Amino acid sequence: EPEVTQTPSHQVTQMGQEVILRCVPISNHLYFYWYRQILGQKVEFLVSFYNNEISEKSEIFDDQFSVERPDGSNFTLKIRSTKLEDSAMYFCASSETGLPTDTQYFGPGTRLTVL
Amino acid sequence: AQTVTQSQPEMSVQEAETVTLSCTYDTSESDYYLFWYKQPPSRQMILVIRQEAYKQQNATENRFSVNFQKAAKSFSLKISDSQLGDAAMYFCAYRRGTGAGSYQLTFGKGTKLSVIP
C-alpha cells in the first residue's frame with residue numbers, strides 16, 4: 001500500500017539556522033498538509049497546499065515558514081531561522097481530493113530539535 | 001473555533017478485553033466529520049474509523065466501534081477483543097464538512113493505550 005514518507009526522521013539544528021523538512025506524498029494525491037506536535041501538546045495544523053499554492057494556513061505559520069513542491073514528488077517545509085520553540089514533531093499528510101470525506105494519510109514524522 | 005478534548009492521557013487493557021477511549025468536541029457547525037487515528041510507536045498515524053455527523057448510526061470497523069452522541073458532543077472509541085497490536089497512541093480528530101478553504105483536521109491530545117498480555 002502506498003505510504004507518505006518523510007526525511008529525515010530526526011533533525012538537530014542550532015537556533016537561527018534554516019531547516020528543510022521533506023515529504024513525499026502518495027503519488028496521485030493533490031492536497032498536502034503539514035502539522036506539528038510539540039511534546040506533550042496537541043497535533044496542530046500548520047498549512048495546506050493545493051495546485052502549487054497555499055490553500056490555508058494557521059496563525060502558527062508565520063513568515064519564518066514556507067512550503068514548496070519543487071518537483072512532481074517532493075513537498076517541503078522550510079523554517080528560515082529556527083527558534084527553540086520550533087522543536088516539535090512535524091507530520092506531513094496528503095489526500096486525494098481534499099474533500100472533507102477524504103482520508104488524510106500521514107507520514108511517520110520528522111522530529112526537529114533546536115538547540 | 002473547534003476544540004477536541006481527550007481526557008484520558010493513558011489507558012490500559014488486558015488482552016482480549018474491551019476498552020473505551022473518550023473524546024469530546026466543541027463546534028457550532030452542523031456538518032462535520034469525526035475520526036479516530038491510531039499511531040503505533042515510531043509509525044505513522046493511520047485512520048481507524050470515521051463518523052459523519054449527519055449519520056445517526058454509529059460507525060463500526062471490525063473490532064472498532066464508536067459511540068457518537070451528537071447532542072452531548074461526545075465521540076468515544078470502543079475496542080473489543082483487544083490485541084497486543086492495538087497498543088498505540090489514539091487521536092480523536094474533527095473536520096468541518098462545509099465552507100471555504102481546506103479541510104484540515106483538529107486533533108485532541110491523544111490517549112496512550114497499553115495492552116497487557
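Residues numbered from 1 in each chain as written. Chains lettered and ligands numbered in written order. Predicted model: local features only at pLDDT ≥ 70, side-chain atom pairs only at ≥ 80, totals over all residues. Heavy atoms only, no water.

**Q** How do you make sense of the layout of surface pockets when you look at a structure like this?
**A** The probe, sized like a water molecule, is rolled over the atoms to show the empty space still left. Of the pockets and cavities examined, the largest pocket occupies roughly 780 Å³. Taken together, 31 residues line the largest pocket, and the ones lying closest to its centre are A:Gln37, A:Leu39, A:Arg111, B:Gln39 and B:Met89. Broken down by secondary-structure element, the contributors of at least two residues to the lining of the largest pocket are strand 9 (88-95) and strand 11 (110-114) of chain A together with strand 10 (88-96) and strand 12 (111-116) of chain B. Its residues placed into classes, the lining of the largest pocket shows 15 nonpolar, 11 polar and 5 charged. Of the volumes computed, that of the second largest pocket is approximately 480 Å³. Lining the second largest pocket we find 19 residues, and of these A:Phe45, B:Gln2, B:Gln104, B:Leu105 and B:Thr106 sit closest to its centre. Put simply, the parts of the chain that give the lining of the second largest pocket at least two residues each are strand 5 (43-50) of chain A together with strand 10 and strand 11 (106-107) of chain B. The biggest single contributor to the lining of the second largest pocket is strand 5 of chain A, with 3 residues. Of the residues assigned to the lining of the second largest pocket, the class counts are 7 nonpolar, 6 polar and 6 charged. (1 Å grid on protein atoms, 1.4 Å probe; cavity = no way out; pocket = protein on both sides within 12 Å on 5 of 7 lines; lining within 4 Å. Points joined across faces, edges and corners; volume = space filled by probe spheres on them. Helix = DSSP H or I, 4+ residues; strand = E, 2+ residues; numbered from the N terminus. Nonpolar A, V, L, I, M, F, W, Y, C, P; charged D, E, K, R; others polar.)

**Q** Would you mind going over the state of the cysteines with me for this structure?
**A** Linking two cysteines covalently through their sulfur atoms gives a disulfide. Taken as a whole and assessed by the stated rule, the structure comprises 2 disulfides over all chains. Across the disulfide from A:Cys23 sits A:Cys92; the S-S distance is 1.9 Å. Across the S-S bond of A:Cys23 and A:Cys92 the torsion is about -65 degrees, and the bridge reads as left-handed. Of this pair, A:Cys23 sits in strand 3 (residues 19-24) while A:Cys92 sits in strand 9, and the two are 69 residues apart along the sequence. A disulfide bridge connects B:Cys23 with B:Cys92, and the sulfur atoms are separated by 2.0 Å. Taking the torsion about the sulfur-sulfur bond, which here is approximately -70 degrees, the covalent link between B:Cys23 and B:Cys92 counts as left-handed. Taken as a pair, B:Cys23 in the loop between strand 3 (19-21) and strand 4 (24-26) and B:Cys92 in strand 10 lie far apart in primary sequence, 69 residues in all. (Disulfide = S-S within 2.5 Å.)

**Q** Would you mind going over the interface of chain B and chain A with me for this structure?
**A** Many analyses report the size of an interface as the accessible area lost when the parts associate. If you look at the interface, chain B gives 23 residues, while chain A gives 24 residues. For the chain B and chain A pair, buried surface summed over both sides reaches about 2000 Å², with 51% attributable to carbon and sulfur atoms. Across the chain B-chain A interface, the total number found is 1 salt bridge. Put simply, B:Arg96 and A:Glu56 hold a salt bridge, and the shortest N to O gap is 3.8 Å. In this structure, the connection of chain B to chain A is made through 12 residue pairs in polar contact (both at pLDDT 80 or more). At the level of elements, strand 5 (32-39), strand 6 (46-52) and strand 10 of chain B are the ones that each hand at least two residues to the side of chain B that touches chain A. Here the side of chain B that touches chain A takes 4 residues from strand 5 of chain B, the largest share from any one element. Residues belonging to the side of chain B that touches chain A are distributed by class as follows: 11 nonpolar, 7 polar and 5 charged. (Contact = heavy atoms within 4.5 Å. Buried area = accessible area lost by both parts, 1.4 Å probe. Salt bridge = Lys/Arg side-chain N within 4 Å of Asp/Glu carboxyl O. Polar contact = N/O pair within 3.5 Å; in protein donor to acceptor, adjacent residues only side chain to side chain.)

**Q** Looking at this structure, I do not really get the side chain of A:Ser95. What am I missing?
**A** Residues and elements named next belong to chain A. Looking at the element boundaries, Ser95 is found in strand 9. A polar side-chain atom of Ser95 sits 3.5 Å from a polar atom in the side chain of Tyr33. Separated by 3.4 Å, the side chain of Ser95 and the backbone nitrogen of Gly98 make a polar contact. Not counting the four nearest positions on each side in its chain, Ser95 is found in contact with His29, Leu30, Tyr31, Tyr33, Asp102, Thr103 and Gln104.

**Q** What exactly am I supposed to notice about the environment of B:Leu21 here?
**A** Residue and element names in this part refer to chain B. Tracing the backbone through its elements, the reader meets Leu21 in strand 3. You can call Leu21 buried: its relative accessible area is 0%. Along the chain, Leu21 and Gln83 lie 62 residues apart, while their C-alpha atoms are 15 Å from each other. Leu21 has contacts with Gln8, Met11, Trp36, Ser76, Leu77, Tyr90, Thr111 and Leu113, leaving out every residue within four places of it along the chain. (Buried < 20%, exposed > 50% of the residue type's maximum accessible area, 1.4 Å probe, protein only.)

**Q** Can you help me understand the nonpolar core in this one?
**A** In a soluble, globular protein the nonpolar side chains are often hidden away together inside. Within the largest apolar cluster, 25 residues are counted, with the highest numbers of intra-cluster contacts made by B:Tyr25, B:Trp36, B:Phe75, B:Leu77 and B:Tyr90. Looking at this core, the elements with two or more residues in it are strand 3, strand 5, strand 6, strand 8 (64-69), strand 9 (74-79), strand 10 and strand 12 of chain B. A per-element tally of this core places strand 10 of chain B first, with 4 residues. Those residues in contact with B:Leu77 that lie beyond four places of it in its chain are B:Val19, B:Thr20, B:Leu21, B:Trp36, B:Ile49, B:Phe64, B:Ser65, B:Val66 and B:Tyr90. In this structure, A:Phe49, A:Ile60, A:Val67 and A:Ala88 belong to the second largest nonpolar core, which totals 23 residues. (Core = buried A, V, L, I, M, F, W, Y, C linked by side-chain atoms within 4.5 Å.)

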